[in-house]
Amino acid sequence: MRQVTIIAALHKAGIEQALKDLVGRLEGFGLNVILPRPAAELIGRDGFDEPIPIEGSDLVIALGGDGSVLSAARIAAPLHIPVLGIRMGGFGFLTEAERDEAPEALERVLKGDYWLEERSLLSASVYQGGQPVTVGLALNDVLVVKSVEAPLPQWEVRLDGTLLTLYPADGLLLSTPTGSTAYSLSIGGPILAPDLPGFVLCPFAPHSLTLRPLVLAEKAKVSIRLLPQRRRVVGEVCLDGQVRHDIIADDQVDVSIAPQKARIVRYRQISFYDRLRQKLRWGDRQ
């Protein structure tokens, strides 16, 4: 291992010192460290503007919480670079080590004493006038939603080219198994084991009692079109709650499982169900 990229949540309490400690330790191991410019400037270093040149990195460290892991996974997955999450507070479903455990985590990773857990990603493409205007990846979810001031729209949803139904709803959420414990869970979606080969389609605030979440096959291709209304309707596509793109009537959003996989570093003998019990406090009556 020669080079490591760090993605840090700069809003976290104590992040400056944690970042200094982490960079110092990595350089002490003789590693080259790549930092985004805002993180580098926080600790008086030189950094890089977006997109960060992570090619050549052997590891991406996400320092913060699950949001940092999501950001890291989207840039690391196309290059097959593993991601190690170090938690600085928050929920931490995806992070593997606490801040005070960072030295142990780094030592184990540098020794090769770890394994990689592969997670599915969603690929989302936005078409305007039939032409693709943007493509992005999401580890958790893709939300297609109307703007706050827009009237209740209808969304035409096609599955593998065949009409599924029209959704009168504020929006639609497509979630990976990883994202099934995030936004999807809060709007009534099922929890999926992370190694299941599929994804979930959930209506967001539907104006119907019959529309329910659907678990789709891994090869499913979902097309969502925002139908025109008498009043102007606009919305947006949001990837992992972090990357946004505006849409208007007749725009189409295609979503499917991406060919790339996120590779999450694990070294603890803790199962997904152990994490569920701990994080969601199953069995706790208080």
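Scroll up for the structure.
All values reported here derive from a predicted model rather than from experimental measurement.

Asker: Got a sec to walk through the nonpolar core? Specific residues and values, please.
Answerer: By size, the foremost hydrophobic cluster in this structure holds 28 residues, and its most contacted members are I6, L19, L26, L35, I61 and L63. Looking at this core, the elements that each hand over two or more residues are strand 1 (3-8), helix 1 (15-28), helix 2 (37-42), strand 3 (59-64), strand 4 (83-87) and helix 4 (102-111). Ignoring anything within four residues of it in the chain, the contact list for L26 reads V4, I6, L31, V33, I61 and L106. If you look at the next biggest cluster of nonpolar residues, it comprises 27 residues, including A124, A138, A220 and I257.

Asker: Please give an account of the packing of aromatic side chains that cites residues and values.
Answerer: Here the structure, examined in full by the defined rule, presents two aromatic pairs. Summarising the aromatic geometry, the rings of Y183 and F204 are spaced 5.9 Å apart at their centres and angled 70 degrees between planes, so their arrangement reads as edge-to-face. Here Y183 is found in helix 5 (residues 183-186), whereas its partner F204 is found in strand 11 (residues 198-206), with 21 residues between them in sequence. For the ring pair F272 and Y273, a centre distance of 5.3 Å and an interplane angle of 70 degrees mean the geometry is edge-to-face.

Asker: Please give an account of the pairing of strand 9 (residues 154-159) that cites residues and values.
Answerer: Bridge analysis of strand 9 against strand 10 (residues 162-175) gives six bridges, and the strand direction is antiparallel. By the bridge assignment, W155 is partnered in strand 10 with Y167. From the end of strand 9 to the start of strand 10, which pair antiparallel, there are two residues, and D160 there has a positive phi angle of about 55 degrees. As judged from the five bridges shared by strand 9 and strand 13 (residues 221-226), these two strands associate in the antiparallel manner. Within strand 13, the position partnered with L159 by the bridge is V222.

Asker: Describe the side chain of S120, listing the residues and the values that go with them.
Answerer: Looking at the secondary structure, you find S120 in strand 6 (residues 115-128). Within the structure, S120 has its side chain in polar contact with the side chain of K261 (distance 3.1 Å). Not counting the four nearest positions on each side in its chain, S120 is found in contact with L139, T176, I257 and K261.

Asker: Explain the environment of V233 to me, using residue names and the numbers behind them.
Answerer: Here V233 shows up in the loop between strand 13 and strand 14 (234-239). With relative accessibility at 3%, the residue V233 sits in the buried group. Excluding its chain neighbours within four sequence positions, the residues that come into contact with V233 are A150, P151, P153, L226, L227, I248 and A249.

Asker: Residue-level account of a nonpolar patch on the surface, with values.
Answerer: On the surface, M1, F29 and L110 cluster together to form a nonpolar patch covering roughly 260 Å² of accessible area. Note that F29 resides in the loop between helix 1 and strand 2 (32-34).

Asker: Tell me about helix 1, and please be specific about residues and values.
Answerer: Given 3.6 residues per turn, any residue in an α-helix points the same way as the ones three and four places further on. The end-to-end C-alpha separation of helix 1 is 19 Å, in line with the 20 Å expected for 14 residues at 1.5 Å each. Of the residues making up helix 1, those classed as buried are I15, A18, L19, L22, V23 and L26. For helix 1, the angular spread of buried residues about the axis comes to 125 degrees, placing them on one side. Against the buried residues of helix 1 lie strand 1, strand 2, helix 2, strand 3, strand 4 and helix 4.

Asker: Requested: an account of the side chain of S68, with residues and values cited.
Answerer: Tracing the backbone shows S68 in helix 3 (residues 66-76). Every residue in contact with S68, bar those within four places of it in the chain, is listed here: I7, A8, A9, A62 and L63.

Asker: I'd like to hear about the pattern of salt bridges, residue by residue, with values.
Answerer: Enumeration over the complete set of coordinates arrives at 19 salt bridges. A salt bridge links K111 to E107, with the shortest nitrogen-to-oxygen separation between them at 3.1 Å. Remark: E107 and K111 occur in helix 4; sequence separation between them is four residues, near one turn of the helix. Judged by relative accessible area, E107 falls into the partly exposed class, the value being 41%. Through salt bridges with shared partners, a single ionic network connects E96, E117, R119, R266 and R275.

Calculation notes
Residues numbered from 1 in each chain as written. Predicted model: local features only at pLDDT ≥ 70, side-chain atom pairs only at ≥ 80, totals over all residues. Heavy atoms only, no water. Core = buried A, V, L, I, M, F, W, Y, C linked by side-chain atoms within 4.5 Å. Buried < 20%, exposed > 50% of the residue type's maximum accessible area, 1.4 Å probe, protein only. Helix = DSSP H or I, 4+ residues; strand = E, 2+ residues; numbered from the N terminus. Contact = heavy atoms within 4.5 Å. Phe/Tyr/Trp six-rings, centres within 6.5 Å; stacked < 30°, edge-to-face > 60°. Pairing = 2+ DSSP bridges. Polar contact = N/O pair within 3.5 Å; in protein donor to acceptor, adjacent residues only side chain to side chain. Patch = residues over 30% accessible without salt bridge, like charges linked within 9 Å, V, L, I, M, F, W, Y side chains within 5 Å. Areas by Shrake-Rupley, 256 points an atom, 1.4 Å probe, with all protein chains shown as cover. Salt bridge = Lys/Arg side-chain N within 4 Å of Asp/Glu carboxyl O. Expected span 1.5 Å × (residues − 1). Arc of directions from axis to C-beta.

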